[in-house]
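Observations on the three-dimensional arrangement
Next come the chains, spelled out residue by residue.
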Amino acid sequence: MSEISGRAVTGALQPTTPGYRLGFVSLAAAVIGFIAGLIAFILYNLIGLFTNLAFYKVWSFHFRSPEANQLGLWAIVIPVIGGLTVGLMAKYGSDKIKGHGIPEAMEAVLKSNSRIEAKVAILKPLSAAIAIGTGGPFGAEGPIIQTGGAFGSLVGQLLSTTAVERKVLLACGAGAGMAATFNTPIAGVILAIELLLFEFRARSFIPLVISTTLATSMHLMLLGRGAMFHMVPTDFNIPAGLPYYLLLGVVCGFAAVGFTKLLYLVEDQFERLPVNELWHPAIGALGLGIIGYFVPRVLGVGYDTISDILNNNLAWKLLLLIAVFKSLALVISLGSGTSGGLLAPMFMASAALGGVFAVGINHLVPGASLAPGAFALVAMGAVFGAASRATFAFIVFAFELTRDYNSVLPLMLVCVIADAIAIRFLPNSIMTEKLARRGLETYSEYETNVMKQIKVGEIMAEGVVTVTPQETVRAVADRMASGDPRLVRHRALPIVTQEGRLAGIVTQGDILRGLEENPEGNVPVIDVGSRSLIVAHEDESAFEALTKMLMNNVGRLPVVDRKNPEKMIGYVNRAAVMACWGSHLHQESWREAGWLQRLRRNGVTRGAAGTMEGNVVGVGEGRLKLRVGEAVEDLAVDFPVVGIRPGDHVRVSFHEENGQRVAQRIEELATRQ
């Protein structure tokens, strides 16, 4: 079978009653929220320190923009130095610091059971502070989200947790990081649900609220009260302005599509450069420095510029320059593989776009009297919400930034229109495109059926024994009776011609009926098998495959190439489909020993480790009996054995512990088909 079969976990799991511990996770979430607030404060000050050192040559933690520097042409060199430093950190530290942080947190959830390396929690904020402090056009929120997520993951690894508990702790850290950065606790909760958890359940909602509440409280204590951006009272012109908001939604939708495509186009071009990846951030920073020399407002985070746009303090020509060149500087810098957040720069560029839109309408339609600040705020939430597929989060986010309830109606309308356009023209969001290129599929809906999330290609068996149409029933029966484990396991065999064409399938029941009708068994096997086949494709979900089996009352499906339906590439049966639940149960309830518990076990005498392969002859409470050759090995097992039955062929990794062999991992190599 495929990798889904190897479902035991390295390291012993606690022999306790499995289950989600809401109180335990909530308590850990409180600690994570407190620490995330501190991390946001530290990163905020580090950015201020590096900015002051790089552009003003003073030791100060005061947060200010690099746009007022008097360095002349040296302002082009400073971002290059920062880019080179980040390149070195990525090459010799961890390449996980590249990018804007949220896709990396999503990858940890999807690929490594929510485990993030400890060094990422240190290197990510430090690299982001260097990149932003030396002029990078980024925000601090992405790195803080990833750092908070990394810290949540580390807490889950330090303690003994299940994969699901660890995922919630990671999401608590990420949501708390966002809340602590922008003083937006509600948006922090929703963002974690939409981008990391894909579930709305009490077990995740309660810890998320606790962590974001404490993180926001830390923000209030350390960075002050009030909204992130101060916006003067603005007329949102509802309902008279609704037609213009509808048009703005269309503009924002296409802006989100264009920005996403441009970012990954630039990233592709950097990957084609004939130089080591170490130099990519420096090359991108050189482009940034040149742009920043002519348009200084694109340098740095730009929170002050966002406030100016929201309060209509900038002329339309400057708004247009910011919309174009902030976007260009961002895609060049981020596409080069440096470290920094995507949120604030996209807010600046899209807010400028909204302001230009309102000014343009006022010029073209006398009497429209649109407020540029209102349209800037709405565009700010709509473009990023559509690009990230987190529309609800950014409707709430834009509202929380300004605390103006009059903004809710236009925000809702413009954001959903932009989102609809992005869904139509973007198969993946700006967050998930990178993951999709690595073969990781993400889900944009709250889907609880695990079988809808696993593809047939992940669970199908490959290299299945086949028979030819010309073989006789007697010959196939003799092969099955020979004891060949490759045949004994299978209750049905595909019939494949010598040219490799799938012609049918024959079951053990077909063989027995054929022998009853013709005891000599000299009938070709194709005559007793089935030629009318129900097939599956590797890109279908396991749920679709199971539905086909149930609707057609069959127990197995050949998997064929969609482009060539006569070419069999695999084989899937009900047992393989139901094994999906084994993986799901593993994530839900198997509690892995944390670092603290492993330290306590250091006093246990352990001998050599090894592996063995054989057929399972018995599975009991805490025991596994395995036939290896002529001998039967008896191993201790201190984790639940799910889906392993007598007759399965498995590989067991074990270690010697006080003279007893203890299984660490059970990998199912073959099962009955």
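A count of helices and strands for the protein gives 25 helices and 9 strands. The buried share among the 673 residues of the protein stands at 56%. Long-range pairs, those at least 24 residues apart, make up 74% of the contacts in the protein between residues at least 6 apart in sequence. When the accessible area of the protein is evaluated, it comes to approximately 28000 Å², of which 60% is carbon and sulfur surface.

As a further point, take the nonpolar core. Leu248, Met346, Phe347, Phe375, Phe394, Phe397 and Ile430 are the most contacted members of the largest nonpolar core, which has 118 residues in total. The greatest single-element share of this core, amounting to 12 residues, is contributed by helix α14 (residues 372-388). Counting 15 residues, the second-largest nonpolar core is a separate cluster that includes Ile454, Met460, Ala536 and Ala542.

We now examine the confidence of the model for the protein. Of the residues in the protein, 88% have a pLDDT of 70 or more, and the chain-wide mean is 82. Least confident of the elements in the protein is helix α20 (residues 485-488), whose mean pLDDT is 60; most confident is helix α16 (residues 408-425), at 93. Confidence drops under a pLDDT of 50 for residues 1-18, and excluding neighbours within four residues, the segment shows 65 contacts in the predicted structure.

This part takes up the environment of Val257. With respect to the element layout, Val257 can be found in helix α9 (residues 242-271). Through-space distance from the C-alpha of Val257 to that of Ile421 is 8.1 Å; in sequence the pair is 164 residues apart. Residues contacting Val257, with those up to four places away along its chain left out, are Ile421, Ala422, Phe425 and Leu426.

Right, let's get into helix α6 (residues 163-182). The end-to-end C-alpha distance of α6 is 29 Å, a good match for the 28 Å that 20 residues give at a rise of 1.5 Å each. Across the 20 residues that make up α6, a large majority, 20, are buried. Downstream of α6 by a residue or two, Asn183 has a phi angle that is positive, lying close to 60 degrees.

Turning our eyes to something else, we now look at a nonpolar patch on the surface. Together, Leu73, Leu286, Ile290, Tyr293 and Phe294 make up an exposed nonpolar region whose accessible area comes to about 520 Å². Overall, Leu286 belongs to the partly exposed group, its relative accessible area being 41%.

With that settled, consider the layout of surface pockets. Of the pockets and cavities examined, the second largest pocket occupies roughly 490 Å³. Forming the boundary of the second largest pocket are 21 residues, of which Lys98, Glu267, Glu271, Lys434 and Arg438 lie nearest the centre. Of all the secondary-structure elements, those providing two or more residues to the lining of the second largest pocket are α3 (102-111), α9, α12 (316-335) and α17 (433-437). A per-element tally of the lining of the second largest pocket places α9 first, with 5 residues. When grouped by side-chain class, the residues that make up the lining of the second largest pocket number 4 nonpolar, 6 polar and 11 charged.

Further remarks concern the packing of α9 against α14. Across the interface, α9 lies against α14 with an axial gap of 8 Å and an inter-helix angle of 45 degrees. Overall, the two elements α9 and α14 adopt an arrangement that is oblique. Like other packed secondary-structure pairs, α9 and α14 cross with a definite hand, here right-handed. For the pair formed by α9 and α14, the contact residues are Tyr244, Tyr245, Leu248, Cys252, Ala255, Ala256 and Thr260 on the first element and Ala374, Phe375, Val378, Ala379, Ala382, Val383, Ala386 and Ala387 on the second. Of the residues contributing to the contact of α9 with α14, the split by class is 14 nonpolar, 1 polar and no charged.

Geometry of an aromatic ring pair is reported as the spacing of the ring centres plus the angle between the planes. In this structure the tally under the stated criterion is 14 aromatic pairs. Taken together, a centroid distance of 5.1 Å and an interplanar angle of 85 degrees make the contact between Phe182 and Phe397 edge-to-face. Here Phe182, found in helix α6, pairs with Phe397, found in helix α15 (residues 391-402); they are 215 residues apart in sequence, far enough to count as distant. The same class applies to Phe182 and to Phe397, which are both buried. In textbook terms, an aromatic cluster arises when at least three aromatic residues are bridged by ring pairs, as seen for Phe182, Tyr303, Phe347, Phe384, Phe394 and Phe397. In this structure, Arg64 is placed above the aromatic ring of Tyr56, and the distance from its NZ or CZ to the ring centre is 3.7 Å. One cation-aromatic arrangement involves Arg424 over Phe425; the distance from NZ or CZ to the ring centre is 4.9 Å.

The subject of this paragraph is helix α23 (residues 542-552). Along α23, the positions that sit buried rather than exposed are Ala542, Ala545, Leu546 and Met549. In an axial view of α23, the angular spread of the buried residues amounts to 95 degrees, which keeps them on one side of the axis.

With respect to the element layout, Pro125 can be found in helix α4 (residues 118-133). Relative accessible area serves as the criterion here: at 12%, Pro125 is assigned to the buried category. When the C-alpha atoms of Pro125 and Gln146 are compared, they prove to be 8.7 Å apart, with 21 residues separating the residues in sequence. Those residues within four positions of Pro125 in sequence are excluded, and the remaining contacts are Leu43, Val120 and Thr147.

The tally for this structure, following the rule as stated, stands at 8 salt bridges. Linking Arg623 and Asp634 is a salt bridge whose minimum nitrogen-to-oxygen distance equals 3.4 Å. Here Asp634 lies in strand β7 (residues 631-636) and Arg623 lies in strand β6 (residues 623-628), a separation of 11 residues in the sequence. A relative accessible area of 36% means that Asp634 is categorised as partly exposed. Between Glu633 and Arg661 there is a salt bridge, with its nearest N and O atoms 3.3 Å apart. Taken together, the residues span a long stretch of sequence, with Glu633 in strand β7 and Arg661 in strand β9 (residues 660-670) at a distance of 28 residues. For Arg661, a relative accessible area of 28% corresponds to the partly exposed category.

At their nearest, the axes of helix α1 (residues 22-56) and α6 sit 8 Å apart, and the two run at 35 degrees to each other. Here α1 and α6 pass one another in a crossing that is right-handed. Residues Val25, Ala28, Ala29, Ile32, Gly33, Ala36, Gly37 and Ala40 of α1 pack against Glu165, Val168, Leu169, Cys172, Gly173, Ala176, Gly177, Ala180 and Thr181 of α6. Looking at the contact of α1 with α6 residue by residue, the classes come out as 11 nonpolar, 5 polar and 1 charged.

Across the 6 residues of strand β2 (residues 502-507), 6 count as buried, placing the element largely inside the fold. As paired strands, strand β1 (residues 492-496) and β2 are joined by 5 bridges and run antiparallel to one another. When the sheet's bridge partners are listed, Val496 is paired in β2 with Leu502. As consecutive antiparallel partners, β1 and β2 are separated by 5 residues, and within that stretch Gly500 has a phi angle of approximately 90 degrees, a positive value.

Reading the values: the criteria
Residues numbered from 1 in each chain as written. Predicted model: local features only at pLDDT ≥ 70, side-chain atom pairs only at ≥ 80, totals over all residues. Heavy atoms only, no water. Helix = DSSP H or I, 4+ residues; strand = E, 2+ residues; numbered from the N terminus. Buried < 20%, exposed > 50% of the residue type's maximum accessible area, 1.4 Å probe, protein only. Contact = heavy atoms within 4.5 Å. Areas by Shrake-Rupley, 256 points an atom, 1.4 Å probe, with all protein chains shown as cover. Core = buried A, V, L, I, M, F, W, Y, C linked by side-chain atoms within 4.5 Å. pLDDT = per-residue confidence, 0-100. Expected span 1.5 Å × (residues − 1). Patch = residues over 30% accessible without salt bridge, like charges linked within 9 Å, V, L, I, M, F, W, Y side chains within 5 Å. Salt bridge = Lys/Arg side-chain N within 4 Å of Asp/Glu carboxyl O. 1 Å grid on protein atoms, 1.4 Å probe; cavity = no way out; pocket = protein on both sides within 12 Å on 5 of 7 lines; lining within 4 Å. Points joined across faces, edges and corners; volume = space filled by probe spheres on them. Nonpolar A, V, L, I, M, F, W, Y, C, P; charged D, E, K, R; others polar. Axes fitted to C-alpha atoms, helices over the stretch in contact; angles between N-to-C directions. Parallel < 35°, antiparallel > 145°, perpendicular 65-115°, else oblique. Left-handed = near helix turned anticlockwise from the far one by under 90°. Phe/Tyr/Trp six-rings, centres within 6.5 Å; stacked < 30°, edge-to-face > 60°. Lys NZ or Arg CZ within 6 Å of the ring centre and 35° of its normal. Arc of directions from axis to C-beta. Pairing = 2+ DSSP bridges.

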